[in-house]
Amino acid sequence: MTTTKPEPARRMGPPGSENWHAMLDGAEDILREEGHAELTSRRIAERIGVKQRLVYYYFHTMDDLVVALFRRLSERELKRLRDALNSPHSLREMWNTNVGSTDARLISEFMALANRIADLRAEVIHFIEESRDIEIEAIEAAVRRKANSNAIPPAALAILASSVALSLSRERQLGVSSGHEVVLALIDAFLDEVDD
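Here goes a summary of the coordinates provided. (Residues numbered from 1 in each chain as written. Predicted model: local features only at pLDDT ≥ 70, side-chain atom pairs only at ≥ 80, totals over all residues. Heavy atoms only, no water.)

### Description of the overall build of the protein chain
And step 1. When its secondary structure is counted, the protein chain shows 9 helices and 0 strands.
And step 2. Secondary structure elements in the protein chain, listed N-terminal to C-terminal, are α-α-α-α-α-α-α-α-α.
And step 3. Taking 196 residues into account, the globule formula puts the C-alpha radius of gyration at 16 Å, and the protein chain, at 21 Å, lies well above it.
And step 4. Seen through its C-alpha atoms, the protein chain measures out along the principal axes to roughly 75 × 45 × 30 Å.
And step 5. Counting across all 196 residues of the protein chain, residues that qualify as buried make up 38%. (Helix = DSSP H or I, 4+ residues; strand = E, 2+ residues; numbered from the N terminus. Rg over C-alpha atoms; globule rule 2.2 N^0.38 Å. Buried < 20%, exposed > 50% of the residue type's maximum accessible area, 1.4 Å probe, protein only.)

### Digging into the packing of helix α1 (residues 18-34) against helix α6 (residues 104-114)
A packed helix pair is summarised by two numbers, namely the angle formed by the two axes and the spacing between the axes.
And step 1. In contact at an axis separation of 8 Å, α1 and α6 are set at 100° when each is read in the N-to-C sense. With respect to each other, α1 and α6 are oriented roughly perpendicular. Of the residues in α6, those in contact with Glu 28, Leu 31, Arg 32, Glu 33 and Glu 34 of α1 are Arg 105, Leu 106, Glu 109, Phe 110 and Leu 113.
And step 2. Class assignment for the residues of the contact of α1 with α6 results in 4 nonpolar, no polar and 6 charged. (Axes fitted to C-alpha atoms, helices over the stretch in contact; angles between N-to-C directions. Parallel < 35°, antiparallel > 145°, perpendicular 65-115°, else oblique. Contact = heavy atoms within 4.5 Å. Nonpolar A, V, L, I, M, F, W, Y, C, P; charged D, E, K, R; others polar.)

### Some details on the pattern of salt bridges
And step 1. A full pass over the atoms with the stated rule returns 15 salt bridges.
And step 2. Close ionic contact of Arg 72 with Asp 25 constitutes a salt bridge, the shortest N to O distance being 2.7 Å. With Arg 72 in helix α4 (residues 62-85) and Asp 25 in helix α1, the pair connects residues that are 47 residues apart, well separated along the chain.
And step 3. Salt bridges linked by common partners bring Asp 29, Glu 33, Glu 34, Arg 43, Glu 46 and Arg 47 together as one network. (Salt bridge = Lys/Arg side-chain N within 4 Å of Asp/Glu carboxyl O.)

### Describing the layout of surface pockets
And step 1. Of the voids in this model, the second largest pocket is the one considered here, and its volume is about 380 Å³.
And step 2. Lining the second largest pocket are 18 residues, and of these Trp 95, Leu 157, Ala 161, Ile 187 and Phe 190 sit closest to its centre.
And step 3. Every element with two or more residues in the lining of the second largest pocket is listed here: α5 (90-101), α7 (118-145), α8 (154-174) and α9 (180-194).
And step 4. Per-class residue counts for the lining of the second largest pocket are 15 nonpolar, 2 polar and 1 charged. (1 Å grid on protein atoms, 1.4 Å probe; cavity = no way out; pocket = protein on both sides within 12 Å on 5 of 7 lines; lining within 4 Å. Points joined across faces, edges and corners; volume = space filled by probe spheres on them.)

### Some remarks on the packing of α6 against α8
And step 1. Running from N to C, α6 and α8 point in directions that differ by 110°, and their axes come no closer than 9 Å. Comparing their axes, α8 and α6 come out roughly perpendicular. Of the residues in α8, those in contact with Ala 104, Arg 105, Ile 107 and Ser 108 of α6 are Leu 166, Ser 169, Arg 170 and Gln 173.
And step 2. In terms of residue class, the contact of α6 with α8 is made up of 3 nonpolar, 3 polar and 2 charged.

### What to know about the side chain of Glu 123
And step 1. By the secondary structure assignment, Glu 123 is in helix α7.
And step 2. Given the relative accessible area of 16%, Glu 123 is considered buried.

### Overview of the nonpolar core
And step 1. If you look at the biggest cluster of nonpolar residues, it comprises 49 residues, and the most contacted ones within it are Leu 39, Ile 44, Phe 59, Phe 110 and Leu 120.
And step 2. At 12 residues, α4 tops the list of elements feeding residues into this core.
And step 3. The residues touching Leu 120, leaving out its near neighbours within four places in the chain, are Val 66, Val 67, Phe 70, Phe 110, Leu 113 and Ala 114. (Core = buried A, V, L, I, M, F, W, Y, C linked by side-chain atoms within 4.5 Å.)

### Digging into a negative patch on the surface
And step 1. Side chains of Glu 129, Asp 133, Glu 137 and Glu 140 sit close together on the surface and give a patch of like negative charge.
And step 2. In this fold, Asp 133 is placed in helix α7.
And step 3. For Asp 133, a relative accessible area of 53% translates into the label exposed. (Patch = residues over 30% accessible without salt bridge, like charges linked within 9 Å, V, L, I, M, F, W, Y side chains within 5 Å. Areas by Shrake-Rupley, 256 points an atom, 1.4 Å probe, with all protein chains shown as cover. Lys, Arg positive; Asp, Glu negative; His and termini not counted. Charge placed at Lys NZ, Arg CZ, Asp CG, Glu CD.)

Rendered as structure tokens:
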């Protein structure tokens, strides 16, 4: 009987190092500016001025790099939402975070990639669920502070708010502004009512 020796684990560069972050920064720029079809190890290496093989010293595969990029971005966004949750006007801060930081192009690229990268899909689901939990917590707290509780359940409000923020961002990035002032004024009036 022939036995095969397992291959030794490949030596990898440390996550969180300067090079690791530079590669993710380069990948983020490419993804945002040129789309996922242009996101290759060669393009990243060219963008940051290193040899292509160095990308694979830090990431086993390009899929691993994409997952790490999304995870880094989602951790930043979740921190912003948690900070907003702990602010005196949590709903307004959360709304401003959502409507001001949503990058529709990047979101579209990640959603397209999540259709073929299972680990990315899992990260996207985790991010959506965790961010929604934070938003629901803020809405529930605001509703409890008000005697005349809103008839719309907090989970529905959380979905509506994140959907509206993404939609406004997508349209704004395309150059569309029709109706935006009306929607923003409506949301502002709602926030004045429940988040004082």
